[in-house]
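Inside the fold
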Amino acid sequence: MERLTDVNMGIYTSFRTGGNADCMLIPDTPEELAEALREIRRSGSPFVMLGNGSNTLFREGGFHGTVLKLGPSFGEIRREGNELVVGAAALMSQAANAALEAGLSGFENLSGIPGSLGGAVFMDAGAYGSEMKDVTVSADVVTADGDALRTVPVEEMDLSYRHSIFEETGDIVTSVRIRLTPDDPEKIRRRMKEMLEKRSSKQPLQYPSAGSFFKRPAGHFAGKLIQDAGLRGARVGGAQVSEKHCGFVINRGGATPRDIIDLMHLVQNTVFDQTGILLEPEVRIIGGPEE
Ligand SMILES: Cc1cc2nc3c(=O)[nH]c(=O)nc-3n(C[C@H](O)[C@H](O)[C@H](O)COP(=O)(O)OP(=O)(O)OC[C@H]3O[C@@H](n4cnc5c(N)ncnc54)[C@H](O)[C@@H]3O)c2cc1C
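Residues numbered from 1 in each chain as written. Predicted model: local features only at pLDDT ≥ 70, side-chain atom pairs only at ≥ 80, totals over all residues. Heavy atoms only, no water.

Observations regarding the pattern of salt bridges
For clarity, the cut-off: Counted as salt bridges are all cases of a side-chain nitrogen of Lys or Arg within 4 Å of a carboxyl oxygen of Asp or Glu. We count a stretch as a helix when DSSP gives it H or I for four or more residues in a row; a strand needs E for two or more, and each element gets its number in order from the N terminus. Buried residues are those whose accessible area, probed at 1.4 Å on protein chains only, stays under 20% of the maximum for their type, while exposed residues exceed 50% and partly exposed ones sit between those limits.
Counted by the stated rule, this structure contains 15 salt bridges. A salt bridge links Asp147 to Arg41; the shortest N-O distance between them is 3.3 Å. Of this pair, Asp147 sits in the loop between strand S11 (136–142) and strand S12 (149–153) while Arg41 sits in helix H1 (residues 30–43), and the two are 106 residues apart along the sequence. Since its relative accessible area comes to 45%, Arg41 is described here as partly exposed. As a salt-bridge pair, Glu80 and Arg78 come within 2.9 Å of each other at their nearest N and O atoms. Residue classification places Arg78 among the partly exposed positions, given a relative accessible area of 46%. If you follow the salt bridges from partner to partner, you end up with Arg78, Glu80, Glu83, Arg177 and Arg179 in one network.

Rendered as structure tokens:
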């Protein structure tokens, strides 16, 4: 198992900025992961699980604990009939390409989400009317205490908009079984291409970000509320409300985690004052207050 100390988390997160974590453990098998979890439990120090870091921001005060990240062996993908068993560290784009190669449809709308399968099932990630809930059959996990390996069927995952049971249990997902439908690979390829073109025409993909910063409040769109509040292009230091898509907070260059969090507060306060709606971040903010 690889061990790193004093790790710059900006390198591991899509905002490309962040404080340091005291320690990072990178297990490469479920058994090593279980061992890492038991070691953390014995030490009594806090830990966070990190996938591809596309929905996570580490504050600049740093994280005084252990970051767990799955090693490359967790990136394997295999086909079983109309199902794919996808390692939790594999990226959504890799799962989508494997589905395309296998002539299996159902993952096209999810193909442009820049997360890992583990992060996607944890968040019940979704796009353009599809979500992980629609394709997931089960997930293999190591329990949070590191004592057991088990398979959790989708019925027990409580998947709903940006939520799963894993938020409560703290179980670590090691692989996800997804069920798809056979279709003509050319049609799948075309749908994937259209989806990616749609994303790049609507989203500021040339800048680091964590995608939509805020959750969708019931009956509204966060981006529309932010735009109507006059915040298109609003800046704090190197952080900016994207002019292309107001739901995105982007790093225009040199943004600190504090810039991003100050901009988050500015957006929350302005939108709340004008509408009475409190925007909740979708992004996971890790670590103590900045020093
Ligand atoms: C440009 C851009 C576009 C985006 N578009 C979308 C979109 O269309 N739809 C959407 O839903 N999201 C979108 N996102 C957000 C993000 O990609 C998703 O939330 C994604 O599912 C996060 O996956 P990750 O592996 O990067 O998770 P991370 O940010 O690493 O972690 C997110 C959460 O998942 C947990 N987690 C990660 N791996 C595991 C695991 N193996 N077991 C248990 N828990 C785990 C972490 O502890 C953390 O709480 C976008 C982000 C960006 C940067």
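Re the environment of Asp158
Condition: Residues are treated as being in contact if the distance between any of their heavy atoms lies within 4.5 Å.
In this fold, Asp158 is placed in the loop between S12 and helix H5 (166–169). Exposure remark for Asp158: the relative accessible area of 43% places this residue in the partly exposed category. Spatially, the C-alpha atoms of Asp158 and Lys133 are 9.0 Å apart, while their sequence positions differ by 25 residues. Aside from chain neighbours lying at most four places away, what touches Asp158 is His163, Ser164 and Ile165.

Some thoughts on the nonpolar core
For the record, the criterion: Residues grouped as a nonpolar core are buried Ala, Val, Leu, Ile, Met, Phe, Trp, Tyr and Cys residues, joined through side-chain atoms within 4.5 Å. The split of the chain into domains comes from an automatic or database domain assignment.
Of all hydrophobic cores here, the largest spans 47 residues; its most connected members are Phe107 and Met132. The leading source of residues in this core is helix H2 (residues 92–101), at 6 residues. In this structure, this core is formed jointly by two domains, domain 1 (2–72) and domain 2 (74–201), each of which donates at least three residues. With residues up to four places along the chain from it excluded, the contact list for Met132 reads Met92, Phe107, Leu110, Leu117, Ala120, Val121, Asp124, Ala125, Leu159 and Val176.

Some remarks on unusual backbone geometry
One non-glycine residue, Asp6, lies in positive phi territory at about 50°. For Asp158, which is not glycine, the phi torsion reads 50° and is therefore positive.

As for the sheet that holds strand S16 (residues 235–236)
To be explicit about the condition: Should DSSP find at least two bridges between two strands, the strands are taken to pair. Only the contacting stretch of a helix is used when fitting its axis, a line to C-alpha atoms as for every element, and angles between N-to-C directions run 0 to 180 degrees.
The strand order across the open sheet formed by 4 strands is S15-S18-S17-S16, and the pairing between neighbours is antiparallel. In this open sheet, the two edge strands, each paired with only one partner strand, are strand S15 (209–212) and S16. As defined by bridge partners, S15 adjoins strand S18 (residues 248–251) across 2 bridges and the pair is classed as antiparallel. Residue pairing across strands places Ser209 opposite Ile250, the latter belonging to S18. Most of the contacts of helix H8 (residues 257–275) go to strand S17 (residues 239–241), to which it runs at about 30°, and overall it touches S16, S17 and S18.

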